[in-house]
Amino acid sequence: MSREQHIARTFVELADTLVEDFDVIGFLQQMTVRCQELLDVTDAAVFLSHGAGLYSPAPCDPSPALARVLDFACGEGPAVEAHRTARPVDAYGRGDAHGRGDDAHGREDAHGPVDETRPRPGPEFTTRLRQAGYFLAVALPMRLRQETIGSLLLLRAADRPLDADDLALAQTLADAATIGLLHARTIRQQDTVNEQLHTALQSRIIIEQAKGLLAARRNITLNQAFEIMRRHARQHRLLLSKVARDVIDTGSTLRSSVVLPHPSAADAE
């Protein structure tokens, strides 16, 4: 599949929210996976507003180092600032704490030349970023017109900034996901979608547990286990959290209805 085809498929996926069995958690997890596949980033995470703060429902399976960054980023850092200001915010884990190294002059982001006056996180977040092995964090607002519902956080271990094309694509993906979520909220009773959003963090824990159990039972990787659960949920029109709960409660291996996907290059490593 060409990159152009991959991008087109991703936008179709992000528009596929006007269905009866729309699964918020699976939708956001898929978005983080597509960001890793399409953009030159190491990890991606989605943050959504909840009350006065943010929480991160995706990825469902963060590594311990990534989980520590995400937990801290819910209260401080570029994800918070991007949501608050509806503007892109970046942070560098090495070099100058504000990311103004020798290459800062003339850099561009999704909105054109970098505005050196735009909000930047403090040194504590950049320290956490460096300790987790990341060079760069970029947060982009998830917004539609005057409404901002969260932010998309991109993390990169490589010692170089993201180029303008990747940033522009990332912002477009964030905008498309926002439109999809807001449309889902409009079509359904708002309380139903909000309830899913508010319980997404708890569901993420359940999904992580089920993924580990399924991987152990079938002697497969964690990524393969998650893909099996996701396919099973889509094939049977179930919420991903419901499939995960069944794996935990019933000991199911999902062997009868889903073909094990071929491992990716990342799985083989």
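The shown structure was predicted, so the numbers you read here are calculated from the model rather than taken from an experiment.

Draft legend 1. Highlighting the pattern of salt bridges. In the structure shown here, the tally under the stated rule is 14 salt bridges. Across the pair glutamate 37 and arginine 34 runs a salt bridge, and its minimum N-O distance is 2.8 Å. Taken together, the residues glutamate 37 and arginine 34, both in helix 2 (residues 24-38) and three residues apart, mark about one turn of the helix. Its relative accessible area of 42% is what places glutamate 37 among the partly exposed residues. Arginine 160 is paired through a salt bridge with aspartate 40; the nearest N and O atoms lie 3.1 Å apart. One end of the pair, arginine 160, is in the loop between strand 7 (147-156) and helix 6 (164-187); the other, aspartate 40, is in the loop between helix 2 and strand 1 (43-50), and 120 residues separate them in sequence. Look at aspartate 40 and you get partly exposed, because its relative accessible area is 35%. Beyond isolated ion pairs, a larger network of salt bridges with shared partners links Arg9, Glu13, Arg34 and Glu37.

Draft legend 2. Spatial organisation of the pairing of strand 3 (residues 89-92). The alternating pattern of strand 3 places Val89 and Ala91 on one face and Asp90 and Tyr92 on the opposite face, and all of these are buried. Pairing geometry for strand 3 and strand 6 (residues 136-144), over four bridges, is antiparallel. By the bridge assignment for strand 6, tyrosine 92 is matched with leucine 136.

Cut-offs applied
- Residues numbered from 1 in each chain as written.
- Predicted model: local features only at pLDDT ≥ 70, side-chain atom pairs only at ≥ 80, totals over all residues.
- Heavy atoms only, no water.
- Salt bridge = Lys/Arg side-chain N within 4 Å of Asp/Glu carboxyl O.
- Helix = DSSP H or I, 4+ residues; strand = E, 2+ residues; numbered from the N terminus.
- Buried < 20%, exposed > 50% of the residue type's maximum accessible area, 1.4 Å probe, protein only.
- Pairing = 2+ DSSP bridges.

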